[in-house]
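Spelled out from the first residue to the last, the chains are:
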Amino acid sequence: MKPRALKFDLIRITAICMVLFIHVTVVLVLFYHDATFTVANVFNGLGRAGVPMFLLLSGALLLDENRPFDTKNFYRTSFLSIVLLLIGWLLFYASWRAFLLPLLRGKPTDPKHFVTYLLTLKGLYPHLWYLFMLVGAYLAVPFLRLFVKKENKPYILGFILLSVIVGFGATTFGVFTRDADVTVGSFLTKFHFEYATGYLPYLLIGWYLTTFPPKKAMRFVLYGLGLAAALICVFGVQAWVKDIPDIRDYLVEATTLPALLYGVGLFTLICALAGDRETKSPVIRALSRASFGVYILHVAVLDVLVNILLPYKAFGEQYPLWYILTLFALTAIGSLIVVLPLSKVKGVRKIFHY
């Protein structure tokens, strides 16, 4: 068995657990108040480094100068795989939400929702946005590799800092001016900083952190910022949700400063703790390789649990902590029970890996 970089496997496993906690708690955060909201918000906020870490890892791996790269082969294999996965899983979830799930619930099917889901991903846990985003990111990777070189370090760092300010910073502080006559967003759009916004900066940051590992002092700065950001993800939403109800959507999404800093801090911590060690552990390897499959399948499992087998009201609304932990465990185990065996079947494994 070929050794694998321990830090990257640990990042994948940690990130998928965080994403599961976000989705397990989303109903409780959106539709409940008081104690239920408070408990769910803690897990939801602490999970907000999950997507950023996946994106940082993608940049660390896809832009690594030491890895052989052929543009034609990349588009023919990696990029095409993402496109086909998007099409396949989009059709599956549109069918699932419009036909299969209603049948399981004993409700009428909704053919209109099939089309609506294809076009808008309408409904809870719209997790396929990540595949749409990856298609765009993968299109840009060969172009990024022309620029992302060690000798271009100062320019890349400058671009990262610009992105943090005009992209992540503007999105974050714009939350507090959304109802004003002149908002942060409307002002910055006058400068057309679109090239420095979106998710591509994550790829550059992931490459930068692994190509130029931070010195000890800088690591502790990033840890501190990451911890502060994690607290903001939890307590910021808790404090301002009554005055700004949409803050739960805008303060903690992956394009905001708290999510970025939280992801960077945790990504740096795991890399530092694992160092350059390799692992041959079959358990770590299996969980890491299954992370994408769990991500893509867990929503169907969660739909069945939340809507049929384990709705919150039936569980007992006075036990939000136990409900969250139980739902997390059942969602993770249910997804792994499907993904792990099928990932070993030739021809089938491709739908759970990219």
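Residues numbered from 1 in each chain as written. Predicted model: local features only at pLDDT ≥ 70, side-chain atom pairs only at ≥ 80, totals over all residues. Heavy atoms only, no water.

Q: A description of the overall build of the protein should follow, citing residues and the corresponding values.
A: Helix and strand content of the protein: 16 helices and two strands. Taking 2.2 N^0.38 as the reference for a compact globule, 354 residues should give roughly 20 Å; the C-alpha atoms of the protein span a radius of gyration of 21 Å, in line with that estimate. Seen through its C-alpha atoms, the protein measures out along the principal axes to roughly 60 × 55 × 40 Å. Burial statistics for the protein: of 354 residues in total, 47% are counted as buried. Expressed as a percentage of contacts within the protein between residues at least 6 apart in sequence, the contacts between residues at least 24 apart total 82%. Roughly 17800 Å² of accessible area belongs to the protein as shown, and the carbon and sulfur atoms make up 68% of that amount. Here the protein holds 33 positive side-chain charges and 18 negative ones, and the gap between their average locations is 11 Å. (Helix = DSSP H or I, 4+ residues; strand = E, 2+ residues; numbered from the N terminus. Rg over C-alpha atoms; globule rule 2.2 N^0.38 Å. Buried < 20%, exposed > 50% of the residue type's maximum accessible area, 1.4 Å probe, protein only. Contact = heavy atoms within 4.5 Å. Areas by Shrake-Rupley, 256 points an atom, 1.4 Å probe, with all protein chains shown as cover. Lys, Arg positive; Asp, Glu negative; His and termini not counted. Charge placed at Lys NZ, Arg CZ, Asp CG, Glu CD.)

Q: Pulling in residues and values, what's your account of unusual backbone geometry?
A: The phi angle at Asp34 is positive, at roughly 55 degrees, despite the residue not being glycine. Locating Asp34 in the fold gives a position in helix H2 (residues 34-46). You can call Asp34 exposed: its relative accessible area is 66%. Phi at Leu121 takes a positive value of approximately 60 degrees, unusual for a residue other than glycine. Looking at the element boundaries, Leu121 is found in the loop between helix H5 (111-120) and helix H6 (129-147). Leu121 sits in the buried class, given a relative accessible area of 11%.

Q: Let's hear about the nonpolar core: which residues, and what values?
A: Core analysis: the largest hydrophobic core is formed by 100 residues, its most contacted members being Leu128 and Phe267. Here this core takes 13 residues from helix H1 (residues 6-31), the largest share from any one element. When near neighbours in sequence (up to four residues on either side) are disregarded, Phe267 contacts Ile11, Met53, Leu56, Leu57, Ala60, Leu209 and Thr210. (Core = buried A, V, L, I, M, F, W, Y, C linked by side-chain atoms within 4.5 Å.)

Q: Explain a nonpolar patch on the surface residue by residue, including any values.
A: Taken together, the side chains of Ile333, Ile337, Val338, Leu342 and Val345 define a hydrophobic patch exposed on the protein surface, amounting to about 390 Å² of accessible area. Note on placement: Ile337 falls in helix H16 (residues 320-342). Under the relative-accessibility criterion, Ile337 is labelled exposed at 57%. (Patch = residues over 30% accessible without salt bridge, like charges linked within 9 Å, V, L, I, M, F, W, Y side chains within 5 Å. Salt bridge = Lys/Arg side-chain N within 4 Å of Asp/Glu carboxyl O.)

Q: For the packing of helix H7 (residues 153-174) against helix H9 (residues 200-211), give the residues involved together with the corresponding values.
A: Axis separation between H7 and H9 bottoms out at 10 Å; the angle between their running directions is 135 degrees. Looking at the two axes, H7 sits oblique to H9. In this structure, H7 meets H9 at a crossing whose hand is left-handed. Residues Lys153, Ile156, Leu157, Phe159, Ile160, Ser163 and Phe168 of H7 lie in contact with H9, whose contacting residues are Pro201, Tyr202, Leu204, Ile205, Trp207 and Tyr208. Looking at the contact of H7 with H9 residue by residue, the class counts come to eleven nonpolar, one polar and one charged. (Axes fitted to C-alpha atoms, helices over the stretch in contact; angles between N-to-C directions. Parallel < 35°, antiparallel > 145°, perpendicular 65-115°, else oblique. Left-handed = near helix turned anticlockwise from the far one by under 90°. Nonpolar A, V, L, I, M, F, W, Y, C, P; charged D, E, K, R; others polar.)

Q: Tell me what's going on with the environment of Met18, and back it up with residues and numbers.
A: Along the chain, Met18 falls in helix H1. Among all residues touching Met18, those that are not within four sequence positions of it are Leu46, Gly47, Ala49, Gly50, Met53, Tyr262 and Leu266.

Q: Help me get a handle on H16, residues and values and all.
A: With 23 residues, H16 should cover 33 Å at 1.5 Å per step; its first-to-last C-alpha distance of 33 Å lies within 8% of that length. Within the span of H16, buried status applies to Pro320, Tyr323, Ile324, Leu327, Phe328, Thr331, Ala332, Ser335 and Val339. (Expected span 1.5 Å × (residues − 1).)

Q: Got a sec to walk through the side chain of Ser291? Specific residues and values, please.
A: Note that Ser291 resides in helix H14 (residues 291-309). According to the relative accessible area criterion, Ser291 is buried, its value standing at 6%. Residues in contact with Ser291, not counting those within four places in the same chain, are Arg12, Ile16 and Phe54.

Q: Could you give an account of H14, with specific residues and numbers?
A: Along H14, the sharpest change in direction is near 40 degrees and occurs at Leu297. With 15 of 19 residues buried, H14 is to be regarded as a mostly interior element. (Bend = angle between axes of the 7 residues up to and from the residue.)

Q: Break down the packing of aromatic side chains for me, with residues and values.
A: Applying the stated criterion across every chain yields a total of 27 aromatic pairs. Seen from their ring centres, Trp89 and Phe92 are 5.3 Å apart, and the 85 degrees between their planes marks the pair as edge-to-face. Of this pair, Trp89 and Phe92 are both found in helix H4 (residues 71-104), three residues apart, which corresponds to roughly one turn of the helix. Residue classification places Trp89 among the buried positions, given a relative accessible area of 8%. By relative accessible area, which is 28% here, Phe92 ends up partly exposed. Look at Tyr312 and Tyr323: their rings are 4.8 Å apart centre to centre, the planes differ by 50 degrees, and that puts the pair in the tilted class. Here Tyr312, found in helix H15 (residues 312-315), pairs with Tyr323, found in helix H16; they are eleven residues apart in sequence, far enough to count as distant. As far as the burial class goes, Tyr312 and Tyr323 line up, both buried. (Phe/Tyr/Trp six-rings, centres within 6.5 Å; stacked < 30°, edge-to-face > 60°.)

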